[in-house]
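A look at the structure
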Amino acid sequence: MRRADMALPTGTVAEQITAEVWAWVGSASLRGLVRHFGGDWPAGDVTQVLRFLDDFSARHWDFRQGRERPEAREPTFDAPTTDLVLDAAAALGMVRSAPPARPAYAHLVVLGGLAHACVRRVAYAAHLLRAGLAVDGEVAVLGSFRPLSEWERETLADAGLPADDTEVDVLDTAVRRAFGVAAPAERDGVDAGHPHHSWSSRTYRPAGLPPVRVLAAPSSEPDRRRAHTADTQRFWAGHVRLAPGDEVLMVTAPIYVPFQHCDALRTLARPYGCGIDTVGVDPALTDPAVLPEQTLTPGRYLQEIRSAIRSMRALHDLR
């Protein structure tokens, strides 16, 4: 699943989304994983299968248990299980990068994440632009005020990069480095005394390239949690005045493409009627000397297969 060309609720687009969701969740690779972990594939339509997969993955593949990704438990698997999971992840589009489908977009959106991923995604976005990708609007680099873990800070320090305090700080540093800019041309935001209520926006204007906005949004449920990706996407869409027919390219890591693409369909394509492409960073086109590609484990892939299932279920429920 890589595209949506208009709003989703009616007609052939909703049918196309259902077909693409079914192709992913009903694939031989996912069926094989369920069987290997002791599950019996259910009878029924895509709604029933998604409900089953959500419950099944919660029992067998949820190693986070509500914690942040760096704090997830790392399971131990035997060699056949490891091979099965890695092969399934590749078949499900979570391992290899694919190039953008179009030569031009209205906007380019870089999604935040763990510190090393922030650096690599920003660098990949800069590479795409310098390689000729046309963007008429802006580059939006979306993060949060999530404090970095000690592991993330050590990873940055080992690479000779500043040990920033939050995810959005890492993104801001990465923008300055990758785009060769020293200071933002515009600043905006509100410091509400708590990161769940605060927001910030810094816009850079690199020579010969579109403007680059680094944005952190407030949480839509500030009494419960920090802002998540959907909060920041909606906040950005309001700021940029996202319009029907706008084509948006989103950059993340290959492992997150299925779930973050479906999230973007739900939070951006449906309400705004825009088109969405989602691509993963190509590690050959970033700077491995700065931050080497992280080794992804079978546990990480299973966790993000669960994330994709949940995102597809939320998207499918919008019909």
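The shown structure was predicted, so the numbers you read here are calculated from the model rather than taken from an experiment. (Residues numbered from 1 in each chain as written. Predicted model: local features only at pLDDT ≥ 70, side-chain atom pairs only at ≥ 80, totals over all residues. Heavy atoms only, no water.)

This part covers the overall build of the protein. From N to C terminus, the protein includes 10 helices and 9 strands. By the compact-globule yardstick of 20 Å for 319 residues, the protein fits well, its C-alpha radius of gyration being 19 Å. Principal-axis analysis of the C-alpha atoms gives the protein an extent of 55 × 45 × 40 Å. Looking at the protein as a whole, 52% of its 319 residues are labelled buried. Intrachain contacts of the protein at a sequence separation of at least 6 include 72% that bridge at least 24 residues. Of the roughly 13,900 Å² of accessible surface on the protein, 50% is carried by carbon and sulfur atoms. Of note, the protein has its 35 positive side-chain charges centred 2 Å away from the centre of its 40 negative side-chain charges. (Helix = DSSP H or I, 4+ residues; strand = E, 2+ residues; numbered from the N terminus. Rg over C-alpha atoms; globule rule 2.2 N^0.38 Å. Buried < 20%, exposed > 50% of the residue type's maximum accessible area, 1.4 Å probe, protein only. Contact = heavy atoms within 4.5 Å. Areas by Shrake-Rupley, 256 points an atom, 1.4 Å probe, with all protein chains shown as cover. Lys, Arg positive; Asp, Glu negative; His and termini not counted. Charge placed at Lys NZ, Arg CZ, Asp CG, Glu CD.)

Turning to the pattern of salt bridges, a few remarks are in order. Inspection of every chain in the model, using the stated rule, returns 17 salt bridges. Residue Arg-306 is joined to Asp-54 by a salt bridge in which the shortest nitrogen-to-oxygen separation is 3.1 Å. You can see Arg-306 sitting in helix H10 (residues 298-316) and its partner Asp-54 sitting in helix H3 (residues 46-60), a full 252 residues away along the chain. In this structure, Arg-306 and Asp-54 share a single accessibility class: buried. Its salt-bridge partner being Arg-310, residue Asp-54 comes within 3.9 Å of it at the nearest N-O pair. Taken as a pair, Asp-54 in helix H3 and Arg-310 in helix H10 lie far apart in primary sequence, 256 residues in all. (Salt bridge = Lys/Arg side-chain N within 4 Å of Asp/Glu carboxyl O.)

In this section: unusual backbone geometry. Located in the positive-phi region is Arg-241, a residue other than glycine, with phi close to 60°. Looking at the element boundaries, Arg-241 is found in the loop between helix H8 (229-240) and strand S8 (247-252).

On to the sheet that holds strand S9 (residues 275-280), then. With mixed pairing, 7 strands are arranged side by side in an open sheet as S5-S6-S7-S4-S2-S8-S9. Of all strands in the sheet, those bounded by a partner on one side alone are strand S5 (186-190) and S9. Taken pair by pair, the neighbouring strands of this sheet meet at an average axis angle of 15°, ignoring direction. As defined by bridge partners, strand S2 (residues 107-111) adjoins S8 across 4 bridges and the pair is classed as parallel. (Pairing = 2+ DSSP bridges. Axes fitted to C-alpha atoms, helices over the stretch in contact; angles between N-to-C directions.)

Glancing now at helix H7 (residues 167-179). Compared with an ideal rise of 1.5 Å per residue, which puts 13 residues at 18 Å, H7 spans 18 Å between its outermost C-alpha atoms and is within 8% of the ideal. Listing the buried residues of H7 in full gives Glu-167, Val-168, Val-170, Leu-171, Asp-172, Ala-174, Val-175, Ala-178 and Phe-179. Tucked into the core, H7 has its buried residues touching helix H5 (115-130), strand S4 (139-143), helix H6 (150-158), strand S6 (199-204) and strand S7 (212-216). Once H7 ends, the next one or two residues include Gly-180, with phi positive near 65°. (Expected span 1.5 Å × (residues − 1).)

Let us now look at the nonpolar core. If you look at the biggest cluster of nonpolar residues, it comprises 50 residues, and the most contacted ones within it are Trp-24, Val-25, Leu-33, Trp-61, Trp-236, Ile-276 and Ile-305. At 7 residues, the largest contribution of residues to this core is made by H10. Leave out the neighbours within four places in its chain, and Trp-236 touches His-107, Val-109, Glu-138, Ala-140, Leu-142, Arg-213, Leu-215, Leu-242, Val-248 and Leu-268. Core analysis: the next-biggest nonpolar cluster, separate from the first, contains 36 residues, Val-122, Val-139, Val-214 and Val-251 among them. (Core = buried A, V, L, I, M, F, W, Y, C linked by side-chain atoms within 4.5 Å.)

Moving on to the pairing of S4. Most of S4 sits out of view: 5 of its 5 residues are buried. Taking every second residue as pointing to the same face, both faces of S4 are buried, with Val-139, Val-141 and Gly-143 on one and Ala-140 and Leu-142 on the other. Sheet topology note: the S4/S7 ladder contains 5 bridges and is parallel. Each bridged residue has a counterpart across the sheet, and for Ala-140 the counterpart in S7 is Arg-213.

Per-residue confidence for the protein averages 89 on the pLDDT scale, and 92% of its residues sit at or above 70. Long-range and interchain partners of residues 3-11, a stretch whose pLDDT sits below 50, account for 33 contacts in this model, where long-range means more than four residues apart. (pLDDT = per-residue confidence, 0-100.)

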